[in-house]
2 protein chains.
Amino acid sequence: MAAPALDFWFDFASTYSYPAAMRIRAMASAARVEVRFRPFLLGPIFAAQGWTTSPFNLFAAKGRNMWRDLERICADLALPFRRPEPFPQSSLLVARVALVGLHDAWGEDFCRAVYRAEFAHGQRIDDPETIRAILSDLNVDPADALAAAHESDTKERLRSETAEAQRIGIFGAPSFTTADGELFWGNDRLESALAWANRAL
Amino acid sequence: MAAPALDFWFDFASTYSYPAAMRIRAMASAARVEVRFRPFLLGPIFAAQGWTTSPFNLFAAKGRNMWRDLERICADLALPFRRPEPFPQSSLLVARVALVGLHDAWGEDFCRAVYRAEFAHGQRIDDPETIRAILSDLNVDPADALAAAHESDTKERLRSETAEAQRIGIFGAPSFTTADGELFWGNDRLESALAWANRAL
């Protein structure tokens, strides 16, 4: 019998995707739920509703609360936290590299390493040097992975993943979707999404 | 020694304030936290950032997810749920009546009854008849309570509560604030807010 399945949709620039990405693998294993990592780009989805940057930049009070809330959440989870500067950073290249890795065996480790670089170490994830260093640490050849990331097939895959996210009603990250069509939005819905995936079996 | 304190900020039109209002009293008692109900109006705060209605109406995908999410949350809490029509409804009059009641002994019961009328029974909370029926059920004289709600002192108190909410950075409801200045936003942060209030003691 197939394990219950959950799709984990995230953007590397998304703040609440950091704690979600760091804890989902262990939680899904404990819940015996099969998780699929699905990086996508929030930018085109925000742009479609007239936003040219993160809503956390557009709405100041909401943004202030988010940074403090994320700090409290990371403290509770014992996750190091440092506010990325600038925010948001382009997640285009890391998302393409992640798609290459998720097709191979190193995708999830790459995703977690990108989030750590951005939110724990204050590195620029839009800097190819950061990406090369992460790949080297994972014993992946940076030149090969970056070449694959720049192939038109990879670019097209990221576009179609983003279009699929928008089609199924995703408007923020992280989001979690179940095989029976439920959409859960936010790191704080991860527990409910796993419970639903199990219940839906 | 004073009990740890938490302010519970809510708007009667706010969807996620419904589960928060229904569960906060019992949870606060269990946590030995002193809760103060503080109704305010989100409308002027939304208007200040250019929104003329609820963001759940302005952003369609977000709104769709909110209704489904709220339905799931209420099912988990065994709270009856019915989507109010229209949404949002003016919360001006009920908020004024609530301030009168919170100055007296029947305020919290009134608040819960308003949320039930709106989200469980599909009644119009902007209809004075609904308010009169609720007050009668609570053995409060509707004419007296409504007269007090229309006094300029009550109107001014609601304006100043709303101004205070905005001043301390509140941008949505429900919100919870602690004596040491932490702001927690959302029904899903109630547990964290209570834990913080206790820790801050």
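Up top is the structure these notes are about.
Please read all numbers here as calculations on a predicted model, not as lab measurements.

### Some remarks on the pattern of salt bridges
Residue and element names in this part refer to chain A. On inspection of all chains with the given rule, the structure shows 36 salt bridges over all chains. We note a salt bridge from Asp7 to Arg36, for which the minimum N-O separation is 3.0 Å. Note that Asp7 is positioned in strand 1 (residues 5-10) and Arg36 in strand 2 (residues 34-39), a separation of 29 residues in sequence. Overall, Asp7 belongs to the buried group, its relative accessible area being 10%. We classify Arg36 as partly exposed; its relative accessible area is 47%. Of the charged contacts, one joins Arg167 and Glu164 as a salt bridge, the two residues approaching to 2.9 Å between their closest N and O atoms. Placement of the pair is Arg167 and Glu164 together in helix 9 (residues 152-167), with a separation of 3 residues, close to one helical turn. We classify Arg167 as exposed; its relative accessible area is 61%.

### Section: the side chain of Asn187 of chain B
All names here are of chain B. The residue Asn187 is located in the loop between strand 4 (183-185) and helix 10 (190-199) in this model. With a relative accessible area of 6%, Asn187 lands in the buried category. In terms of polar contacts, Asn187 uses its side chain to reach the backbone amide nitrogen of Ala20, at 3.4 Å. Non-local contacts of Asn187, meaning those with residues more than four positions away in its chain, are made with Tyr16, Pro19, Ala20, Arg23, Ile73 and Pro174.

### Section: the nonpolar core
When a protein is soluble and globular, its nonpolar side chains tend to lie buried together. Membership of the largest hydrophobic core comes to 55 residues, with the highest contact counts inside it found for Phe8, Phe12, Val97, Phe110 and Phe176 of chain A. With residues up to four places along the chain from it excluded, the contact list for Val97 of chain A reads Trp106, Phe110, Ile131, Leu135, Leu146 and Ala149 of chain A. Of all hydrophobic cores here, the second largest spans 54 residues; its members include Trp106, Val140, Phe184 and Ala197 of chain B.

### What to know about the pairing of strand 3 (residues 175-178) of chain A
A regular strand carries its side chains on alternate faces of the sheet. Residue and element names in this part refer to chain A. Residues Ser175 and Thr177 point to one face of strand 3 and Phe176 and Thr178 to the other, with burial holding for every one of them. Relative to strand 3, strand 1 runs antiparallel, the two being bridged by 4 bridges. Along strand 3, the bridge assignment pairs Phe8 with Phe176. Count of turn residues in the strand 3/strand 4 (residues 183-185) antiparallel hairpin: 4 residues, of which Gly181 carries a positive phi of about 90°.

### Some details on unusual backbone geometry
Residues Glu85 of chain A and Pro86 of chain A are joined by a peptide bond in cis, for which omega reads -5°. Structurally, the position occupied by Pro86 of chain A is in the loop between helix 4 (60-76) and helix 5 (92-103). Omega for the bond connecting Phe87 of chain A with Pro88 of chain A falls within 30 degrees of zero, at -10°, which places this linkage in the cis form. With respect to the secondary-structure elements, Pro88 of chain A resides in the loop between helix 4 and helix 5. Here the phi dihedral of Asn139 of chain A falls at roughly 60°; this positive angle occurs in a residue that is not glycine. With respect to the helices, strands and loops of the structure, Asn139 of chain A is situated in the loop between helix 7 (128-137) and helix 8 (142-149). Taking the relative accessible area as the measure of exposure, Asn139 of chain A reaches 73% and is therefore exposed. Of note in this structure, Ala78 of chain B is not a glycine but carries a positive phi near 55°. Along the chain, the position of Ala78 of chain B falls in the loop between helix 4 (60-76) and helix 5 (92-103).

Analysis parameters
- Residues numbered from 1 in each chain as written.
- Chains lettered and ligands numbered in written order.
- Predicted model: local features only at pLDDT ≥ 70, side-chain atom pairs only at ≥ 80, totals over all residues.
- Heavy atoms only, no water.
- Salt bridge = Lys/Arg side-chain N within 4 Å of Asp/Glu carboxyl O.
- Helix = DSSP H or I, 4+ residues; strand = E, 2+ residues; numbered from the N terminus.
- Buried < 20%, exposed > 50% of the residue type's maximum accessible area, 1.4 Å probe, protein only.
- Polar contact = N/O pair within 3.5 Å; in protein donor to acceptor, adjacent residues only side chain to side chain.
- Contact = heavy atoms within 4.5 Å.
- Core = buried A, V, L, I, M, F, W, Y, C linked by side-chain atoms within 4.5 Å.
- Pairing = 2+ DSSP bridges.

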